[in-house]
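The residues making up each chain are set out below.
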Amino acid sequence: MNRYCEIPACTNFARPGRHTCTSHQARQHRAQLPAEPAPEVDLEEVEFIVRGGLSAADLPRAEQQAVVAQLASRRTPASRIAELVGVSERTVHRWQTANQAA
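Since the structure is predicted, the reported quantities are computational estimates derived from the model, not experimental observations.

Here the focus is unusual backbone geometry. Even without being a glycine, A9 presents a positive backbone phi close to 70 degrees. Checked against the element boundaries, A9 lands in the segment before α1 (22-32). Positioned with a positive phi, R75 is a non-glycine residue whose angle comes to about 60 degrees. Within the secondary structure, R75 is located in the loop between α3 (61-73) and α4 (78-85).

As structure tokens, then:
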């Protein structure tokens, strides 16, 4: 027997033996997960790397993103930022866009 998802205004069928459709099950599961704490960023290390023009390839992702933000604020070309951080230019542009939206 097919039944509809119990979420109001949803026209999808519920998964077999469940009360919600696949898309709502995923959303409910994510809503139940505890929020992950923001990663710690060592701002002194970020500043040291930015000032010295050193490679940031070995840093954690959050610190790499902080380096990208600081170098971008100093109008460093994306190609140079990508070279220093060890990511592609496309990644630099995506991180800059995400940083502007936040």
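So, about the pattern of salt bridges. Per the stated rule, a full pass over the model turns up three salt bridges. Between R51 and E47 there is a salt bridge whose closest N-O contact spans 3.0 Å. A residue pair is termed a helical-turn pair when its members lie 3 or 4 positions apart in one helix, as R51 and E47 do in helix α2 (residues 43-52) at four residues. A salt bridge links R74 to E47; the shortest N-O distance between them is 3.1 Å. In this pair, R74 sits in the loop between α3 and α4 while E47 sits in helix α2, placing the two residues 27 residues apart along the sequence. Given the relative accessible area of 46%, R74 is considered partly exposed. We classify E47 as partly exposed; its relative accessible area is 21%. Overlapping salt bridges, with partners in common, bring together E47, R51 and R74 in one network.

On to helix α5 (residues 89-101), then. Its 13 residues place the ends of α5 19 Å apart at the C-alpha level, agreeing with the 18 Å of an ideal helix rising 1.5 Å per residue. Listed as buried for α5 are T91, V92 and W95. Summarising the axial view, the buried residues of α5 lie within an arc of 100 degrees, below the 170-degree limit, and thus occupy one face. Residues of α5 that are exposed and point more than 90 degrees away from the buried face comprise R90, Q100 and A101. Among the structural elements, α3 and α4 are those in contact with the buried residues of α5.

Interhelical geometry of α3 versus α5 gives an angle of 80 degrees and a closest axis separation of 10 Å. The orientation of α3 with respect to α5, classified from their angle, is roughly perpendicular. Here α3 contributes R61, Q64, Q65, V68, A69 and A72 to the contact with α5, which in turn contributes V92, W95, Q96 and N99.

Definitions and limits used
- Residues numbered from 1 in each chain as written.
- Predicted model: local features only at pLDDT ≥ 70, side-chain atom pairs only at ≥ 80, totals over all residues.
- Heavy atoms only, no water.
- Helix = DSSP H or I, 4+ residues; strand = E, 2+ residues; numbered from the N terminus.
- Salt bridge = Lys/Arg side-chain N within 4 Å of Asp/Glu carboxyl O.
- Buried < 20%, exposed > 50% of the residue type's maximum accessible area, 1.4 Å probe, protein only.
- Expected span 1.5 Å × (residues − 1).
- Arc of directions from axis to C-beta.
- Contact = heavy atoms within 4.5 Å.
- Axes fitted to C-alpha atoms, helices over the stretch in contact; angles between N-to-C directions.
- Parallel < 35°, antiparallel > 145°, perpendicular 65-115°, else oblique.

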